Amino acid sequence: MLQLPVYLDNNATTPCDPRVVAAMLPYFTETFGNAASRSHPFGWAAEEAVDYAREQVARLIGAEPKEMVFTSGATEAVNLALKGVYEMYAGKGNHIITALTEHKAVLDTCRHLEKMGARITWLPVNAEGLIDLQELEAAITPQTILISLMYANNETGVIYPVQAISEIARKHDVLFMSDATQAVGKVPVDVNNDGIDLLTLSAHKLYGPKGAGALYVRRRSPRVRLTAQIDGGGHERGMRSGTLNVPGIVGLGKAAELCMEEMTTDTARILPLRNQLEQALLELELSFLNGSRQHRLPHTCNLSFKYVESEALMMGFNKKIALSSGSACTSASLEPSHVLKAMGLSDELAYASLRFGLGRFTTAGQIAFTIRTITEAVTQLRNTSPIWEMYKDGVDLG
Ligand SMILES: *Cc1c(COP(=O)(O)O)cnc(C)c1O
């Protein structure tokens, strides 16, 4: 029997893998020490667990353990990277380049820096959600200190040409930071191959716990320096003070190790399910795929069904399927998604979009149910819609 509701919002958060929970549990009770306590075995055991997790996380992205700074998640890591670089490299310049389709963590931090005196270039994207590399290079000035472009978009799954971006950054001696929160654990990411200087990731997007994440900070060629944003105690080599979340970090480490081992088999299973879902729903009249078909995460698809409001659609299937609509990823606001708008979608099509995020625990039965349910709900809503009737009667609605 299929258990309802079906969870297809893995880009918002993933469930914790039971193996991750099992690895974390002892660190709440028996091994509860403070990793900074140097004077007794409780502290040593906690420190050893953190060191091990640091290796596990570093390995997943091809980094050295010393290059990882543990944080409370990707939002904090993004804040540390952007604000830390802005303050540290003030002597070189105040210019940061980013794109309109970034996650709110990057957009809002850049807006904050803009108020503090930074000059921000907000690159546009094309209909596929991709930036123009020539436009990126042309935006660089002698004052440019950082390019911040995500690895993969959380709403559309579109993967950026990270290696080409890093080549441009290197050529002009500009640091490159990538919010890789959606990509890490889902597709191969390697900070050296990809030429990334700063990278953010989050445990709860890769089957680990909420409240744990990390910032990768390159130590060699070039050595990246940051101004700390949280002071006190000098933890994490002075870059992020505060008692370490040992259970969370152990969970992040275990989650990273499992992704490393199972990424290939997970993708081999999830990609056909995603494609099956996508193909079936694109058979509906006037339905569209949002974002590049080719350069995309294997577990994500974002679709618009013209003349069907996604909020009404979600009510239509009565909370039997958990997913996100194109009315902002922070479902608190009902603005049309800034990502879809930047790609040139009309408000109407942006409001008609659904984001499907599959994951390690998605089953073929759930996908079959989703195809049936959404097809029925779209058809039913259109059958009772005067606008749909006009469209079918050939009335020009343009
Ligand atoms: C989820 C997400 C974040 C924020 O991560 P938290 O750990 O929840 O703070 C940042 N960027 C992207 C692309 C995300 O998907």
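Keep in mind it's a predicted model, so treat the numbers as computed, not measured.

**Notes on the overall build of the protein**
Thinking step 1. The secondary structure content of the protein amounts to twelve helices and 13 strands.
Thinking step 2. Judged by the C-alpha coordinates and their principal axes, the protein covers about 75 × 55 × 35 Å.
Thinking step 3. The proportion of buried residues among the 398 residues of the protein is 55%.
Thinking step 4. In the protein, the share of contacts with a sequence separation of at least 24, taken over all contacts with a separation of at least 6, comes to 73%.

**Digging into the pairing of strand 6 (residues 175-179)**
Where a strand is regular, its side chains alternate between the two sheet faces.
Thinking step 1. When you tally the buried positions in strand 6, you get five out of five residues, the bulk of the element.
Thinking step 2. Every second residue of strand 6 is oriented toward a common face, with Leu-175, Met-177 and Asp-179 on one face and Phe-176 and Ser-178 on the other, all of them buried.
Thinking step 3. In this sheet, strand 6 lies alongside strand 5 (residues 144-148) in parallel orientation, the contact comprising three bridges. Bridging across to strand 6, Ser-148 finds its partner in Met-177.
Thinking step 4. In this fold, the crossover linking strand 5 to strand 6 by way of helix 6 (residues 162-171) has right-handed handedness.
Thinking step 5. Where strand 6 meets strand 7 (residues 198-202), three bridges bridge the pair, whose relative direction is parallel. By the bridge assignment for strand 7, Asp-179 is matched with Thr-200.

**Looking at the pairing of strand 10 (residues 300-305)**
Thinking step 1. Strand 10 sits mainly inside the fold: six of its six residues count as buried.
Thinking step 2. With burial as the criterion, each face of strand 10 is covered, one bearing Thr-300, Asn-302 and Ser-304 and the other bearing Cys-301, Leu-303 and Phe-305.
Thinking step 3. Sheet analysis places strand 9 (residues 287-289) next to strand 10, joined by three bridges and oriented antiparallel. Across the sheet, residue Ser-287 finds its bridge partner in strand 10, namely Phe-305.
Thinking step 4. Relative to strand 13 (residues 353-357), strand 10 runs antiparallel, the two sharing five bridges. Counterpart to Asn-302 in the pairing with strand 13 is Arg-355.

**Remarks on the sheet that holds strand 4 (residues 119-123)**
Thinking step 1. Spatially, 2-8-7-6-5-3-4 is the arrangement adopted by the seven strands of the open sheet, whose pairing is mixed. In the strand order of this sheet, the two ends are held by strand 2 (68-71) and strand 4, each with one partner. Each strand axis lies, on average, 20° off the axis of its neighbour in the sheet, ignoring direction.
Thinking step 2. Sheet topology places strand 2 next to strand 8 (residues 213-217); four bridges connect them, and they run antiparallel. Considered in strand 8, the bridge of Met-68 is made with Tyr-216.
Thinking step 3. Contacts from helix 2 (residues 41-60) reach strand 2 and strand 7 within the one sheet, and its direction differs from that of strand 2 by about 110°.

**So, the nonpolar core**
Thinking step 1. Counting 67 residues, the largest nonpolar core has Ile-61, Ile-147 and Leu-199 as its most contacted members.
Thinking step 2. A total of nine residues in this core trace back to one element, the largest contributor, which is helix 7 (residues 246-282).
Thinking step 3. Mapping this core onto the domain boundaries places at least three of its residues in each of domain 1 (6-13 + 263-392) and domain 2 (18-258).
Thinking step 4. Each residue touching Ile-147, except ones within four places of it in the same chain, is listed here: Ile-97, Leu-136, Ile-140, Ile-165, Ala-169, Val-174, Leu-175, Phe-176 and Met-177.

What counts as what
- Residues numbered from 1 in each chain as written.
- Predicted model: local features only at pLDDT ≥ 70, side-chain atom pairs only at ≥ 80, totals over all residues.
- Heavy atoms only, no water.
- Helix = DSSP H or I, 4+ residues; strand = E, 2+ residues; numbered from the N terminus.
- Buried < 20%, exposed > 50% of the residue type's maximum accessible area, 1.4 Å probe, protein only.
- Contact = heavy atoms within 4.5 Å.
- Pairing = 2+ DSSP bridges.
- Right-handed = clockwise from strand over helix to strand, strands pointing away.
- Axes fitted to C-alpha atoms, helices over the stretch in contact; angles between N-to-C directions.
- Core = buried A, V, L, I, M, F, W, Y, C linked by side-chain atoms within 4.5 Å.
- Domains from an automatic or database assignment.

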